[in-house]
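# Fold and contact review
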Amino acid sequence: MASIKDVAAQAGVSVATVSRVLNSHPSVSPDARARVLAAVDALGYRPNAVARSLRTDQTRTLGLVISDVLNPYFTALARSVEEEARALGYSVIIGNADERPEQQDHHVRTLLDRRIDGLLVSPADGESPLLLDVARTGTPMVFVDRWIPGVDIPVVRADGHRAIQDLVAHLHALGHRRLAIIAGPAATTTGNERVEAFGEAMRAHGLALPDAYIGQGDFQADSGRRATEHFLSLPEPPEIVFAADNLMALGALDAIRARGLRVPEDIGIAAFDDIPWFVHTGPPITAIAQPTGDLGRAAVRALVDIVEGRPPQSVTLPATLVVRSSCGERTSTSGSNE
């Protein structure tokens, strides 16, 4: 690999002149600049980003720790984060927590050791001591999708409360009264928020939500399958199963089909987190869509504001109900979370 000394020798200039050219310093003659750039191209020289970061105290790198890379919602979120960061001149290193707090903390420590400029996190645990410490030390950080209550850092998220109200009203209008929910983990803000909003909407329509109709999930498919198997074994199964994320909805659908039941004739299904393949299931799944791309872009902009010394802002965007035909609807429309 060519060094800065090799470039200087090839261009017939000093190492200091090469450094000034690479850092866009104005005090270099056009001729010297042209010779240095030609030497850089000829030798394939690439500046040492680590050494440069030691001089500038910036790496132009952001860290992103997402809850589950296999979840299509977080995959789309990571893509929008990477695209927006690149447009602003930053690179992104991604860590997958796999919904495990200890793995989340491992990635956070590793990213901080790499001297990233800022950190985006979707917490797998609402009481992570490490994230609390990071916030207290003043490391630039933004929570995206999920957050830790009481921690004074910006949060970029979608508000699903109104969309869940719209879903319950929609199901009630279709004549459904026995509605069950597969909730996310209580240790996450989104897990708590969605089950509370669902219960509130049920009460607003005079509907009961018995404990037997609340399944505890973990935002992964197996938990959706287990919760739905429990619902189907009840003396009076629910008419609709609402899964609080897309992977649990997939597990619920597997459990329904394993019993030889039909959707929506025997039981309906709805989901939080719309994803592109929901339009291809039989039938297409009614879902609540989050503005995933907008969330990722807003999170990066908030973090870069902190890194570059500007005041950041929290951002809350609305989620929306996308009606299809998995709950007995007569008409269907397609939609997605992008």
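First things first, this report covers the structure right here in the doc. Since this is a predicted model, take the numbers as computed values, not measurements. (Residues numbered from 1 in each chain as written. Predicted model: local features only at pLDDT ≥ 70, side-chain atom pairs only at ≥ 80, totals over all residues. Heavy atoms only, no water.)

## Observations concerning the sheet that holds strand 12 (residues 320-322)
The condition is simple: Between any two strands, pairing holds if DSSP finds at least two bridges. Only DSSP runs of H or I reaching four residues or more are called helices, and only runs of E reaching two or more are called strands; each is numbered from the N terminus. Whenever a helix is involved, its axis is fitted only over the stretch in contact; in every case the axis is a line through C-alpha atoms, and angles between N-to-C directions fall within 0 to 180 degrees.
Ordered by their spatial adjacency, six strands build an open sheet running 7-6-8-9-10-12, and the pairing between neighbours is mixed. Each of the sheet's edge strands pairs with one partner strand only, and the pair in question is strand 7 (214-216) and strand 12. Along the sheet, successive strands turn relative to each other by an average axial angle of 20 degrees, direction set aside. Judged from the three bridges that link them, strand 10 (residues 286-289) and strand 12 form a sheet pairing that is antiparallel. Bridged to Ile-288 within strand 12 is Leu-321.

## With respect to the pattern of salt bridges
So the rule is basically this: A side-chain nitrogen of Lys or Arg and a carboxyl oxygen of Asp or Glu constitute a salt bridge if their distance falls within 4 Å.
Taken as a whole and assessed by the stated rule, the structure comprises 20 salt bridges. The partner of Arg-79 in a salt bridge is Glu-83, and the shortest N-O contact between them spans 3.2 Å. Highlighted residues: Arg-79 and Glu-83, both in helix 5 (residues 72-87), separated by four residues, approximately one helical turn. For the salt bridge of Glu-84 with Arg-301, the shortest nitrogen-to-oxygen distance reads 3.4 Å.

## What about unusual backbone geometry?
Threshold: Accessibility here uses a 1.4 Å probe with only protein chains present; expressed as a share of the type maximum, an area under 20% marks a residue as buried, one over 50% as exposed, and anything in between as partly exposed.
In the segment running from Val-263 into Pro-264, the intervening peptide bond is cis, with an omega of 5 degrees. Turning to its location among the elements, Pro-264 is positioned in the loop between helix 11 (246-258) and strand 9 (268-272). The linkage connecting Gly-282 with the following residue, Pro-283, adopts the cis geometry, with an omega of 0 degrees. Position of Pro-283 relative to the elements: it lies in the loop between strand 9 and strand 10. In this model, Glu-99 sits at a positive phi of 60 degrees, which is unusual for a non-glycine residue. Take Glu-99: it is sitting in the loop between strand 2 (91-96) and helix 6 (101-113). One non-glycine residue, Phe-219, lies in the positive phi region at around 70 degrees. Mapped onto the secondary structure, Phe-219 falls in the loop between strand 7 and helix 10 (221-233). With relative accessibility at 2%, the residue Phe-219 sits in the buried group.

## Some remarks on the packing of helix 5 against helix 12 (residues 292-307)
The condition that has to hold: When describing relative orientation, an angle under 35 degrees is termed roughly parallel and one over 145 degrees roughly antiparallel, while 65 to 115 degrees is termed roughly perpendicular and anything else oblique. In a left-handed crossing the near helix is turned counterclockwise from the far helix by less than a right angle, and in a right-handed crossing that turn is clockwise. Working rule for contacts: check all heavy atoms of both residues, and any pair within 4.5 Å makes them a contact. Any residue outside Ala, Val, Leu, Ile, Met, Phe, Trp, Tyr, Cys, Pro, Asp, Glu, Lys and Arg is labelled polar, Gly included; the first ten of those are nonpolar and the last four are charged.
Relative to each other, helix 5 and helix 12 sit at 45 degrees, their axes nearing to 8 Å. Taken together, the axis directions place helix 5 and helix 12 in an arrangement best described as oblique. When the axes of helix 5 and helix 12 are compared, the crossing they make is right-handed. Across the interface between the two elements, Tyr-73, Ala-76, Leu-77, Ser-80, Val-81, Glu-84 and Ala-85 from helix 5 touch Thr-292, Gly-293, Leu-295, Gly-296, Arg-297, Val-300 and Arg-301 from helix 12. Its residues assigned to classes, the contact of helix 5 with helix 12 comprises seven nonpolar, four polar and three charged.

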